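So the chains spell out like this:
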Amino acid sequence: MSSIASILLVCACACALVACHAGPLQKVGEVRGEGPKQGSSQPSTVRLIFVGDLMLDSGAGRTVAAGGDPLAFVDATLRGADYAVGNLESPIATVGRPVADKPYTFRAHPRVLRVLQGRVDAVSVANNHSGDYGHEAFSQTLLHLRSAGIAAFGGGSNLREAHAPLWIERNGLRIAVLGYNEFLPRSFEAGPTWPGVAWSEDDEVVSDIRSARLAGADVVIPFMHWGWEGESAPSERQRSQARLMIDAGAAAVVGSHPHVTQGAMLYRGRPIVWSLGNFVFDGFESEETRTGWLLQLTLDSQGVVAWRTMATHVDEAGTPRPVAEQKTPCGSRGVAEMQSCAGIGSGP
Ligand SMILES: [Zn+2]
């Protein structure tokens, strides 16, 4: 084989590998050309942050329109992670109409994107509000996110895209994050030829987790939009589904939607954080609904090395502030019991 042919073959193999492991280009942090953010962890580990529901219409939308910054008080925390993921609880679009017979419909203005940039690297769109203004607004949301350099997962222009993982490649680790909704309406679900979100059918979730592992993921994390609103503990459905996902190979399970936190537990030594609650959301009065958790996972090729939660508190405009002194669940590999810690610190 000539040297040119050899080079071409090597290139072809390398490209095939990238295609196999990376999925759509916009879903890979490394492909977007970003280095680790300030304060990143050691090369063998990755520090991933999850936040709960980001609803950027209403109070947060008004704050941004007035030149304010709803993420100002959590800026350093988000930038300190290697990668940050949240649940986008509103389309970001200028088109569409509110769907009929839905009590709450949201749509954020594209100007809110600048608040996310550099802080939130990816958002799940698998939730019960992504379709509030119809297919066109949902599709426009995906375009706006892509052009802002923010990856989207848990939804797409068809069913296959909606079930594709978010691939995070950092410090030699390959992490796959999957997003699913299971709070009605189901009409927002993607189909073979139409856009929408991924619905959490058990057999499909298990198949997606196994496929991600086979495609080379060191760590797989499902990010669920599930549970009953206002309930401080997970439902039986959440419990059985979390066990199923960990048995299928998930390293941790993270949830949102109930507007409150729901505690955490270990199953087979792996953390399940049932609900992160509201992260940016206004219109709530009680202490429980104004309190959310930010989750920090320190990962290596074997899964979760350590995890910590940190309480945040939203004001009337839906702007979160850290409550670093409050003790919330945390844990470390090899420690059988869950613990409680204050703040997320800078260690593992
Ligand atoms: Zn929700």
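Residues numbered from 1 in each chain as written. Predicted model: local features only at pLDDT ≥ 70, side-chain atom pairs only at ≥ 80, totals over all residues.

Participant: What exactly am I supposed to notice about the overall build of the protein chain here?
Facilitator: Helices and strands together make up the secondary structure of the protein chain, namely 9 helices and 18 strands. In the protein chain, buried positions account for 51% of the 348 residues. Of the contacts formed within the protein chain by residues at least 6 apart in sequence, a portion of 72% connects residues at least 24 apart. (Helix = DSSP H or I, 4+ residues; strand = E, 2+ residues; numbered from the N terminus. Buried ≥ 20, exposed ≤ 12 C-beta atoms within 10 Å, placed from the backbone. Contact = placed C-beta atoms within 7 Å.)

Participant: Would you mind going over helix α5 (residues 134-147) with me for this structure?
Facilitator: Structurally, the α-helix is built with 3.6 residues per turn, so residues lying three or four positions apart point the same way. The end-to-end C-alpha distance of α5 is 20 Å, a good match for the 20 Å that 14 residues give at a rise of 1.5 Å each. Taken as a whole, α5 has its buried residues at A137, F138, S139, Q140, T141, L142 and L145. On its buried face, α5 is in contact with β3 (122-124), β4 (151-153) and β8 (196-197). Phi turns positive, to about 80°, at G149, one or two residues after α5. (Expected span 1.5 Å × (residues − 1).)

Participant: Which parts of the structure should I look at to understand the nonpolar core?
Facilitator: What tends to happen in soluble globular proteins is that the nonpolar side chains get buried as a cluster. Within the largest apolar cluster, 91 residues are counted, with the highest numbers of intra-cluster contacts made by L48, I175, V177, I221 and L295. The residues contacting L48, other than those within four sequence positions of it, are A81, D82, Y83, V85, I175, L297 and L299. (Core = buried A, V, L, I, M, F, W, Y, C linked by C-beta atoms within 7 Å.)

Participant: Which parts of the structure should I look at to understand unusual backbone geometry?
Facilitator: It is generally the case that most residues other than glycine have a negative phi and that most peptide bonds are trans. In this structure, the amide linkage connecting L184 to the following residue, P185, adopts the cis form with an omega of 15°. By the secondary structure assignment, P185 is in the loop between β7 (173-181) and β8. A positive phi angle, near 115°, is found at H257, a position not held by glycine. The residue H257 is located in the loop between β10 (253-256) and β11 (264-267) in this model.

Participant: Would you mind going over the pairing of strand β2 (residues 83-88) with me for this structure?
Facilitator: A regular strand places its side chains on the two faces of the sheet in alternate fashion. Among the 6 residues of β2, 6 are classified as buried, and the element is accordingly described as predominantly covered. With burial as the criterion, each face of β2 is covered, one bearing Y83, V85 and N87 and the other bearing A84, G86 and L88. With 3 bridges connecting them, β2 and β3 associate as parallel partners. Following the sheet pairing, V85 is matched in β3 by A122. (Pairing = 2+ DSSP bridges.)

Participant: Teacher, can you tell me more about the pairing of strand β16 (residues 320-323) here?
Facilitator: Of the strand pairs in this sheet, strand β15 (residues 303-314) and β16 are connected by 4 bridges, and their pairing is antiparallel. For T312, the partnering residue across the bridge sits in β16 and is P322. Hairpin connection between β15 and β16: a loop of 5 residues separates the two successive antiparallel strands, and G318 in this loop has a positive phi of roughly 85°.

Participant: Please clarify how the environment of E182 should be interpreted in this entry.
Facilitator: Topologically, E182 is positioned in the loop between β7 and β8. It is 5.7 Å that separates the C-alpha atoms of E182 and S200, two residues lying 18 residues apart in sequence. The contacts of E182, once residues within four sequence positions are left out, are W199, S200, H225 and W226.

Participant: What's the story with the packing of helix α7 (residues 202-214) against helix α8 (residues 236-247) in this structure? I'm lost.
Facilitator: Geometrically, a packed helix pair is captured by the angle between its two axes and the distance between the axes. Where α7 contacts α8, the axes come no closer than 9 Å and their chain directions differ by 30°. Comparing the axis directions of α7 and α8 gives the class roughly parallel. The handedness of the crossing between α7 and α8 comes out as right-handed. Residue-level inspection shows D202, V205, V206 and I209 of α7 in contact with α8, the latter providing Q241, L244 and M245. Tallied by class, residues from the contact of α7 with α8 come to 5 nonpolar, 1 polar and 1 charged. (Axes fitted to C-alpha atoms, helices over the stretch in contact; angles between N-to-C directions. Parallel < 35°, antiparallel > 145°, perpendicular 65-115°, else oblique. Left-handed = near helix turned anticlockwise from the far one by under 90°. Nonpolar A, V, L, I, M, F, W, Y, C, P; charged D, E, K, R; others polar.)

Participant: Help me understand α7, please; the structure alone is not making it clear to me.
Facilitator: Taking 1.5 Å per residue, 13 residues should reach 18 Å; α7 reaches 18 Å between its end C-alpha atoms and fits that length. Along α7, the residues that are buried comprise V205, D208, I209 and A212. Along the axis of α7, the buried positions cluster into a sector of 95°, meaning they face one direction only. For α7, the exposed residues set more than 90 degrees away from the buried face come down to D203 and L214. Tucked inside the fold, the buried residues of α7 contact α6 (159-163), β7, β9 (219-225) and α8. Directly after α7, the chain includes G216, whose backbone phi takes a positive value near 110°. (Arc of directions from axis to C-beta.)

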